[in-house]
Amino acid sequence: MEEQLKLTCLHDSHLALGAKMSPFAGFDMPIQYSSIKEEHLAVRGKVGMFDVSHMGEIFVCGKDAERFVNHVFTNDVRTMEPGQVLYGMMLYPDGGTVDDLLVYKEFEPDHYLLVVNAANIEKDYRWILDNKEGLDVEILEDSASWGQIAVQGPLSEQYVAGTLGFKEAAGLKFYTFKDFSDEGRRVIVSRTGYTGEDGFEIYASPALIRKYWDTLLAAGVVPCGLGCRDTLRFEAGLPLYGDELSAEISPVTSGLSMFCKLDKEEFIGKEAIAAQKADGTPMKIVGIELQDNAVPRAGYPVELEDGTEVGTVTTGYHSISLDKSICFALVKREHGALDTPLFVRIRKKVFPGKVIKKRFYSTNYKK
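Q: What is the right way to look at the pairing of strand β9 (residues 147-152) in this model?
A: Side-chain positions along a regular strand alternate between the two faces of the sheet. Among the six residues of β9, six are classified as buried, and the element is accordingly described as predominantly covered. On β9, burial covers both faces: Gly147, Ile149 and Val151 on one face and Gln148, Ala150 and Gln152 on the other are all buried. Here strand β3 (residues 48-51) runs beside β9; their pairing, made up of four bridges, is antiparallel. Opposite Asp51, over in β9, you have Ile149 as the bridge partner. Where β9 meets strand β12 (residues 199-204), six bridges bridge the pair, whose relative direction is antiparallel. Paired with Val151 across the bridge in β12 is Phe200.

Q: Would you take a moment to explain the sheet that holds β12 for this structure?
A: Two strands in a sheet stick together by hydrogen bonds in their backbones, pointing the same way (parallel) or opposite ways (antiparallel). Across the sheet, which stays open at both edges, the six strands sit in the order β10-β11-β12-β9-β3-β13 with mixed pairing between neighbours. The open sheet has two free edges, formed respectively by β10 (177-182) and β13 (222-224), since each of these has just one partner strand. For this sheet, the mean angle separating the axes of adjacent strands, direction not counted, is 25°. On the sheet, helix α2 (residues 36-45) packs against β3, β9 and β13 and is oriented at approximately 120° with respect to β13. Contacting β9, β11 (185-190) and β12, helix α5 (residues 156-163) runs over the sheet at an angle of about 35° to β12.

Q: How should the nonpolar core be read in this particular structure?
A: Most often, soluble globular proteins have nonpolar side chains that are buried together. In terms of nonpolar packing, the biggest core is built from 28 residues, with Phe50, Met89, Tyr104, Val115 and Ile188 touching the most fellow members. The set of elements that each furnish at least two residues to this core consists of β5 (85-91), β6 (97-105), β7 (111-116) and α7 (226-235). For this core, the element with the highest residue contribution is β5, accounting for four residues. Once residues lying within four places of it in the same chain are set aside, the contact partners of Met89 are Val72, Phe73, Thr74, Thr97, Asp99, Asp100, Leu101, Leu245, Pro251, Leu256, Phe259 and Cys260. Membership of the second largest hydrophobic core comes to 26 residues, among which are Met49, Val151, Leu164 and Ala204.

Criteria and cut-off values
Residues numbered from 1 in each chain as written. Predicted model: local features only at pLDDT ≥ 70, side-chain atom pairs only at ≥ 80, totals over all residues. Heavy atoms only, no water. Buried < 20%, exposed > 50% of the residue type's maximum accessible area, 1.4 Å probe, protein only. Helix = DSSP H or I, 4+ residues; strand = E, 2+ residues; numbered from the N terminus. Pairing = 2+ DSSP bridges. Axes fitted to C-alpha atoms, helices over the stretch in contact; angles between N-to-C directions. Contact = heavy atoms within 4.5 Å. Core = buried A, V, L, I, M, F, W, Y, C linked by side-chain atoms within 4.5 Å.

Read these as layout, nothing more, since geometry by itself doesn't imply function.
Here it is, written out as structure tokens:
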């Protein structure tokens with residue numbers, strides 16, 4: 001029997017707006033409302049908003065909370081101030097990636113919020129529980145109680161601080177957050193983003209999220225689907241779990257080892273990551289720019305000039321912002337240096353390209 005798709009608190013609005021819907025991470029999610037290009041350019045040029053209520057919220061508290069989060073997380077939470085957000089990963093002992101996530105250090109002592117990928121909520125929750133190791137922590141998987149909107153683009157501040165009235169959000173620095181209250185309920189507003197532009201995330205009860213979404217819609221903010229969320233994050237050089245990170249793809253392979261703090265006393269997977277950094281990994285994620293307008297797609301082979309296959313495309317598009325064909329690819333390390341000529345096979349034709357930096361687009365985060 002086919003598993004029933006879960007619905008976010010904004011599902012009725014997506015249908016009312018005529019969104020093209022599709023299964024994603026077990027949810028029925030909007031892919032686009034008008035067109036991916038139109039929504040992509042709205043975020044790059046002005047402002048757009050995304051329903052990201054499918055993401056997971058796992059709360060950790062207790063006197064051993066800092067020690068525990070530091071044990072399961074690759075970045076170092078000991079350096080965090082309340083109101084700060086850190087990006088990092090949870091790893092298997094062999095260095096493979098359980099998930100990439102954000103850790104929020106809350107204003108209440110010994111309290112943390114872990115924001116995880118929608119497809120991994122249950123897996124992550126089990127992993128976290130399985131690694132408590134007798135520490136004094138309480139863990140609450142509370143995703144069903146929260147909705148989330150991401151408001152992204154150069155005009156996002158005026159809509160979050162002005163239209164929605166979260167005036168203090170204007171003072172937030174990149175990768176920080178503030179708590180607000182609305183109708184007696186907690187609201188979290190952070191400034192991180194997954195698009196390469198300035199932007200905010202608003203976490204609140206489903207009822208409040210519906211109110212904020214409708215208010216922003218009425219103010220002219222463009223609703224955006226997961227289609228342009230992918231084109232935007234890709235141009236900005238940001239990974240997607242399942243494509244550029246997975247149980248088989250470590251942060252070192254993906255070029256994200258800067259988020260694995262080896263000067264920490266320990267974390268799960270530390271020994272494997274240290275060995276990979278010292279010895280190198282057999283494969284690496286690279287950026288490739290093609291000389292032609294052909295569109296590289298995930299799964300297409302990457303080859304040398306003589307036809308030898310050396311890798312696979314993980315994400316690829318004809319870039320909307322840059323008007324060029326680019327992709328991420330997992331290739332053998334010896335062919336991953338910048339400017340290395342590589343070829344992508346698209347059906348029966350082969351298109352020449354070269355390795356370039358993975359951040360294709362110059363990001364515009366709040367300084």
